[in-house]
Amino acid sequence: MKLALVTDLHANREAVEAVLAHAEAQGAEQHAFLGDFVGYGADPGWVVDCVREHVSRGAFAVKGNHDAAAVMGPQPTMVSDAREVVAWTHEQLKPDQLDFLASLPLTVIDDTRLFVHANAFAPPEWAYIHARSDAVQSMQATACRITFCGHVHEPRLYHLATTGKVGEFAPVPDVVIPLSPQRQWLVIPGSTGQPRDNNPAACYAMFDTQSAELTFHRIPYDHDTAAAKVRAAGLPERLAQRLQDGG
Amino acid sequence: MAAESGNTDAGVPFEVAAPATHPLRPLQAGQVIDGFRLERHLHQGGMAQLWQVVAEDGSIDLPLIMKVPRILGGEDPASIVGFEVEQMIMPSLSGVHVPRFIAKGDFTRQPYIVMERIAGDSLRARLDAAPLPIAEVVSIGTRVATALHDLHRQHLVHLDVKPSNIMFRPLVDGAGGDAVLVDFGLSRHDHLPDLLDEEFELPMGTAPYMSPEQVQFVRNDPRSDLFALGVMLYHLTTGERPFGSPDSVRGLRERLYRDPVPPRTLRIDCPPWLQEIILQALEPLPDKRQQTGAQLAFELQNPDQVPLTERATRRSRSGTMKVIGRWFSAMGAEPTARVDATNQLARSPILLVAVDVANAERELLDTLRLTVERLLQTEPGARLACLAVMKINRIGMDELMERDGSSKHVNLLVQLKHWARPLVQSLKLPTDAQAGRVTFHVLEAPDTATAIIDYARKNQIDHIVMGARSSGVLRRYLGSVSTQVVSQADCSVTVVRAAAPQR
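Residues numbered from 1 in each chain as written. Chains lettered and ligands numbered in written order. Predicted model: local features only at pLDDT ≥ 70, side-chain atom pairs only at ≥ 80, totals over all residues.

**Focus on the overall build of chain B**
Along chain B, the regular secondary structure elements total 17 helices and 17 strands. Residue burial in chain B is summarised as follows: out of 503 residues, 39% are buried. When contacts within chain B are restricted to residue pairs at least 6 apart in sequence, those whose partners lie at least 24 apart make up 72%. (Helix = DSSP H or I, 4+ residues; strand = E, 2+ residues; numbered from the N terminus. Buried ≥ 20, exposed ≤ 12 C-beta atoms within 10 Å, placed from the backbone. Contact = placed C-beta atoms within 7 Å.)

**Remarks on the overall build of chain A**
Looking only at helices and strands, chain A has eight helices and 12 strands in total. Against the 2.2 N^0.38 benchmark of 18 Å for 247 residues, chain A shows a C-alpha radius of gyration of 17 Å, consistent with a compact globule. With 247 residues in all, chain A has 53% of them scored as buried. Long-range pairs, those at least 24 residues apart, make up 72% of the contacts in chain A with a sequence separation of at least 6. (Rg over C-alpha atoms; globule rule 2.2 N^0.38 Å.)

**A short note on the environment of Asn343 of chain B**
Residues and elements named next belong to chain B. For Asn343, the location among the structural elements is in helix H12 (residues 341-346). A residue is classified by how many C-beta atoms lie within 10 Å of it, and Asn343, with 13 of them, is partly exposed. Separated by 280 residues in sequence, Asn343 and Pro63 have C-alpha atoms that sit 36 Å apart.

**Here we look at the confidence of the model for chain B**
Parts of the prediction with low pLDDT should not have their coordinates interpreted in detail. Residues and elements named next belong to chain B. Per-residue confidence for chain B gives a mean pLDDT of 85, with 85% of residues at or over 70. Confidence drops under pLDDT 50 across residues 1-23; counting only partners more than four residues distant or on other chains, this segment forms 42 contacts. In the predicted assembly, ipTM is 0.87 and pTM is 0.84. (pLDDT = per-residue confidence, 0-100.)

**Considerations on helix H15 (residues 448-458) of chain B**
All names here are of chain B. Every buried residue of H15 is listed here: Thr448, Ala449, Ala451, Ile452, Ile453 and Ala456. Of the surrounding elements, those touching the buried residues of H15 are strand E13 (350-354), strand E14 (383-391), strand E15 (438-445), strand E16 (463-467) and helix H17 (481-488). Looking at the residues trailing H15, positive phi occurs at Gln460, about 50 degrees.

**Section: the environment of Val481 of chain B**
Residue and element names in this part refer to chain B. With respect to the helices and strands, Val481 occurs in helix H17. Expressed as a C-alpha distance, the spacing of Val481 and Pro163, which sit 318 residues apart in the sequence, is 42 Å. Beyond its immediate stretch of four places on either side in the chain, Val481 contacts Thr448, Ala449 and Arg469.

**Some points on the domain arrangement of chain B**
Residue and element names in this part refer to chain B. You can read the domains of chain B as domain 1 (32-116), domain 2 (124-194 + 201-331 + 340-345) and domain 3 (349-496). Each of domain 2 and domain 3 was reduced to a C-alpha centroid, and the two centroids are 31 Å apart. On the side of domain 3, nine residues touch domain 2, which itself brings 13 residues to the contact. Only helix H3 (134-153) and helix H9 (293-301) provide two or more residues apiece to the side of domain 2 that touches domain 3. Counting residues per element, the side of domain 2 that touches domain 3 draws most heavily on H9, which supplies five residues. Grouping the constituent residues of the side of domain 2 that touches domain 3 by class yields five nonpolar, eight polar and no charged. (Domains from an automatic or database assignment. Nonpolar A, V, L, I, M, F, W, Y, C, P; charged D, E, K, R; others polar.)

**A look at the packing of H3 of chain B against helix H5 (residues 223-238) of chain B**
Residue and element names in this part refer to chain B. Contact geometry for H3 and H5: axes closest at 10 Å, N-to-C directions at 165 degrees. By the angle class used here, H3 and H5 are roughly antiparallel. The hand of the H3/H5 crossing is right-handed. Between H3 and H5, the residues in contact are Val137, Ile140, Gly141, Val144, Ala145 and Leu148 and Asp225, Leu229, Leu233, Leu236 and Thr237, respectively. Across the contact of H3 with H5, the residue classes break down as eight nonpolar, two polar and one charged. (Axes fitted to C-alpha atoms, helices over the stretch in contact; angles between N-to-C directions. Parallel < 35°, antiparallel > 145°, perpendicular 65-115°, else oblique. Left-handed = near helix turned anticlockwise from the far one by under 90°.)

**Thoughts on the sheet that holds strand E2 (residues 36-44) of chain B**
Ordered in space as E1-E2-E3-E4-E6-E5 (chain B), the six strands form an open sheet in which the pairing is antiparallel. Taken across any chain shown, the strands that pair with only one partner, and hence form the sheet edges, are strand E1 (32-33) and strand E5 (101-105) of chain B. (Pairing = 2+ DSSP bridges.)

**Things to note about the packing of helix H3 (residues 65-72) of chain A against helix H5 (residues 95-103) of chain A**
Residue and element names in this part refer to chain A. In the contact formed by H3 and H5, the axes pass within 9 Å of each other and the chain directions differ by 130 degrees. In terms of axis orientation, H3 runs oblique to H5. Here the hand of the crossing between H3 and H5 comes out left-handed. On the side of H3, the interface is formed by Asp67, Ala70 and Val71, while H5 contributes Leu98, Leu101 and Ala102. Partitioned by chemical class, the residues of the contact of H3 with H5 number five nonpolar, no polar and one charged.

**Structural notes on the sheet that holds strand E7 (residues 156-161) of chain A**
Residues and elements named next belong to chain A. Across the sheet, six strands lie side by side as E4-E5-E6-E10-E7-E8; this open sheet has mixed pairing. Each edge of the open sheet carries a strand with a single partner, namely strand E4 (107-110) and strand E8 (166-169). The average undirected angle you get between the axes of adjacent strands in this sheet is 15 degrees. As paired strands, E7 and strand E10 (residues 183-188) are joined by six bridges and run antiparallel to one another. Paired with His159 across the two strands is Trp185, which belongs to E10.

**Remarks on the pairing of E14 of chain B**
Residues and elements named next belong to chain B. Counting buried positions over the nine residues of E14 gives seven, a clear majority of the element. When E13 meets E14, the two strands line up parallel, connected through five bridges. Residue pairing in the sheet places Ile350 in a bridge with Arg383 of E14. As for the winding sense of the linkage, the β-α-β connection from E13 through helix H13 (residues 362-378) to E14 is right-handed. One ladder, built from eight bridges, connects E14 with E15; its direction is parallel. (Right-handed = clockwise from strand over helix to strand, strands pointing away.)

**Considering the nonpolar core**
If you look at the biggest cluster of nonpolar residues, it comprises 188 residues, and the most contacted ones within it are Leu5 of chain A together with Leu229, Val353 and Ile464 of chain B. The dominant element in this core, judged by the number of residues it contributes, is H5 of chain B, at nine residues. Those residues within four positions of Val353 of chain B in sequence are excluded, and the remaining contacts are Leu368, Val372, Leu384, Cys386, Leu387, Val465 and Met466 of chain B. (Core = buried A, V, L, I, M, F, W, Y, C linked by C-beta atoms within 7 Å.)

**A short note on the environment of Asp178 of chain B**
Residues and elements named next belong to chain B. Examined against the element boundaries, Asp178 turns out to sit in the loop between strand E10 (175-176) and strand E11 (179-181). The exposure class assigned to Asp178 is partly exposed, which follows from the 19 C-beta atoms found within 10 Å. Sequence-wise, Asp178 and Leu274 are 96 residues apart; in three dimensions their C-alpha atoms are separated by 21 Å. Ignoring anything within four residues of it in the chain, the contact list for Asp178 reads Val96, His97, Arg143, Ala147, Phe168 and Arg169.

**Description of helix H2 (residues 44-56) of chain A**
Between its terminal C-alpha atoms H2 of chain A stretches 18 Å, which fits the 18 Å expected from 13 residues at 1.5 Å a residue. As for H2 of chain A, its buried residues are in contact with helix H1 (13-25), strand E2 (30-33), strand E3 (60-61), helix H4 (80-92) and H5 of chain A. (Expected span 1.5 Å × (residues − 1).)

As structure tokens, then:
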């Protein structure tokens, strides 16, 4: 079964539409949304409805820090851009949309796969996986063979052998990577709604649960329109700019 | 939705079906694994055993082998990780220079790879007969360099090139005979994770063939494979190994500063150009070697175009002072900037310019030269082969014609070099490093387009530049050579036209 992994959507309708259309054309039969559906972008309501609609049809979804913040208000650790957007986002969302975000679990396990927003060692604390050591800590904290997570916006693939040796890989788009059952894997598909590796194209990944083959994708979308909406909503200019330059 | 809230079970160790806990029963002839019937045990190696197998449903019309890793109670990470690497990489490879991948089975049940069986022995069998005739060394070297270039084009560095990992497809009516690389257990694919990164504390490879940068843990430079090929060519030419077969890291490091005994010292009939090619491939710094397999194959196929440097005439190894100097530099040396197969090939293309030097109009010849000059300026690692085709009749020529032909041949070569002169000057050739960057070839063939296409294929040309026939009348009667080349060549083709006056 082909499973589309979509994370850090960040209220970017144009990016989400492009990614879901690509996934459908690739034959996606199942979706996993790895959190941060809102924050930064101009279409929080539309994106929450989209995820909720997929969940009603059997998709997996977990809560991200921006989703938690939209419900409960900004956290002290958030950067100022994020804090400003959190308040705005909260106003945009209807009660049922906030209820949906509040009801999301922090982790979901399906067979040997773990879905979580930030990491497996302390999901509610939102620590980032920036380095091999963080990835090892996360993989050692779960019995699942493959962890799919977001939070970090750059696509990455980590692997941990039974001998304790860890590897890190910056994926190349559209290349099929067989994930050997001999080791644990940690997959960061990269952000759909706010890519940050100097490439504005939206990220997502596809995993074939039968063949254990993983493919990272980059999907160009109309980021100028998404950025224009951010500006029109009166959100910080920097958030519009980074959609256009991927920075 | 199958959901669990809250924390996952922290601290639960990851479990795999480790071979140690599921000892595998010995395989037996007649046994069927995932639809493949084991027919005959072919080989027991240090890392794996090979079985001849057939697909039970008869769906695969190819001789097949099944490779099964040897599991030493689970305590041998080298063979297990190597097999895991091979299982990951093989499905992504294609073409005549690798065995076709058919199927794989993972470690949770029975680990195996089923692939096309390449008939015959590996090159290992010929090694004992070394020194081999020079023509055979050149033929083997050309075919292996061509195969390596094809793998490098597929983003793969083999990293364990040696005679026992090289097979040849059968030669039928003078065609075929392509080299096939096997065993990708140490290989590195640019587009796939490196499962061997960090895995071992010692350099990985086979001691006699390992490049200096492999000794320094660099695993992504395709020129490492050219060094290994250099070791093989040296051995096949002289009957001796250039760096022996060291069994310590210290012994391995010697190749960073100690150059081998020149082949001509060991074998007097080794031509200087072959010594030049071999010693260049064995340069400790990758930047000083041939830059791609295609360039190495090109030199082996065009000996008269190999620029001879001091290497060609060297009669002994470097003196003590020089070696000590190199030893000091090697001691603190870190491998230079990393390149990978994809980038290394992209910056070292071979361009072919086909020049109808005897017939084309002046304007077109000038435009053609200008186009080539621009291409060479943007790519300092590029090489240029200048080609003219001399049309001959399909039937044999008499002696008189032949004499005439030979002078025509020389005349064409002179004209071709004259055409390229401004180009060579603008590139400020030849310095030592630049010599050989531009080469000249006159082919005798009945059909110009076919000759260009074949030449480009044989020499793994990346880009053909040629002129379009300007006269409409000629084109109508003779057909367009460039049209045929554009439609049939394996590589990019640029067709140049002189600016025509507006009508």
